[in-house]
Amino acid sequence: QDNCLEDPTPCDPGWYGPNGAEPCSPCAEGKYGNTTGMSDCDKCAPDHYMPYTNATKCLRCGDGRVTNDVGLPWSCSGCEAGTFENVSSSVCQQCPSAWVSRGGTSACMPCSTGEITVNGQAACQKCAPGFHALMADRSDCSSCPNGWVAGYGKDTCTECQDGEPANSARSACITCSPGAYAADGDVQCKRCPDDFYSMIEGATECTPCGDGKVPNNAKTVCEACQAGQFENDSKECEGCPDAWWAG
């Protein structure tokens, strides 16, 4: 009588058994077996999953999607907005400063000129007129200083020239009209004072009329007092009193 025993049949890939042989059982969800004769199945690695039994390999989550553990049977979670998947470590990480993501991605995108990050680096938003983006980290918009302006979506403010002060919103420089002026440092145009005039746009100072002359109502030209009138202390033409005359 032959007392020799046959060697047990080794388990196929995706199956496991005692000492890697029959009786064999299928690898459970979240595990796999990629060789013959396995005594236990391996867990799916991070960033991988397997929803079926007797698998020979696990499925990769895909860019922007990760698992938080090993040996997971079901699908993966997308990286949240403001984060990205570091494919070398298979974990979600915060986007670097001045970069954003909508989530579920393996890469962040930089904000453009005049933009800042908002909603936890989920999106970029342009700065309003009168403000400029802080370029170092694009975390906020900063108001332009006095005498400087910025349009919509700008990284820097531009200084207004003499005679062209910034408007109240600091979004544009204003050219002073004839009859007004803006000296260095003025934040708005000012009407020429009494007995002074300005004929040009963008004036930085007004010109005195001189004796016997007064400015018109618009302060754009000087007009000589008529015969029989003189310039009084109020810088107005006034008729001479009786027995007096003006030369």
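Everything in this summary refers to the structure shown in the same document. (Residues numbered from 1 in each chain as written. Predicted model: local features only at pLDDT ≥ 70, side-chain atom pairs only at ≥ 80, totals over all residues. Heavy atoms only, no water.)

1. Observations regarding the overall build of the protein
- A tally of helices and strands in the protein yields zero helices and 26 strands.
- Split into buried and exposed, the 247 residues of the protein put 32% on the buried side.
- The long-range fraction of contacts in the protein, counting pairs at least 24 apart against all pairs at least 6 apart in sequence, stands at 25%. (Helix = DSSP H or I, 4+ residues; strand = E, 2+ residues; numbered from the N terminus. Buried < 20%, exposed > 50% of the residue type's maximum accessible area, 1.4 Å probe, protein only. Contact = heavy atoms within 4.5 Å.)

2. Focus: the side chain of Arg-138
- As for its placement among the helices and strands, Arg-138 is situated in the loop between strand E15 (131-133) and strand E16 (141-143).
- Polar contacts involving the side chain of Arg-138 include one to the main-chain carbonyl oxygen of Glu-115, which spans 3.2 Å.
- Within polar-contact distance, the side chain of Arg-138 engages the side chain of Asp-155 at 2.8 Å.
- Each residue touching Arg-138, except ones within four places of it in the same chain, is listed here: Ala-98, Cys-111, Ser-112, Thr-113, Gly-114, Glu-115, Ile-116, Thr-117, Ala-133 and Asp-155. (Polar contact = N/O pair within 3.5 Å; in protein donor to acceptor, adjacent residues only side chain to side chain.)

3. A short note on the state of the cysteines
- Considering all chains together, one arrives at 13 disulfides under this definition.
- Each sulfur in the disulfide pair Cys-11 and Cys-24 lies 2.0 Å from the other. Judged by the torsion about the S-S bond (-95 degrees), the Cys-11/Cys-24 disulfide is left-handed. Placement of Cys-11 in the segment before strand E1 (15-16) and of Cys-24 in the loop between E1 and strand E2 (25-26) is noted, with a sequence separation of 13 residues between them.
- Between Cys-44 and Cys-58 runs a disulfide, and the two sulfur atoms are separated by 2.0 Å. (Disulfide = S-S within 2.5 Å.)

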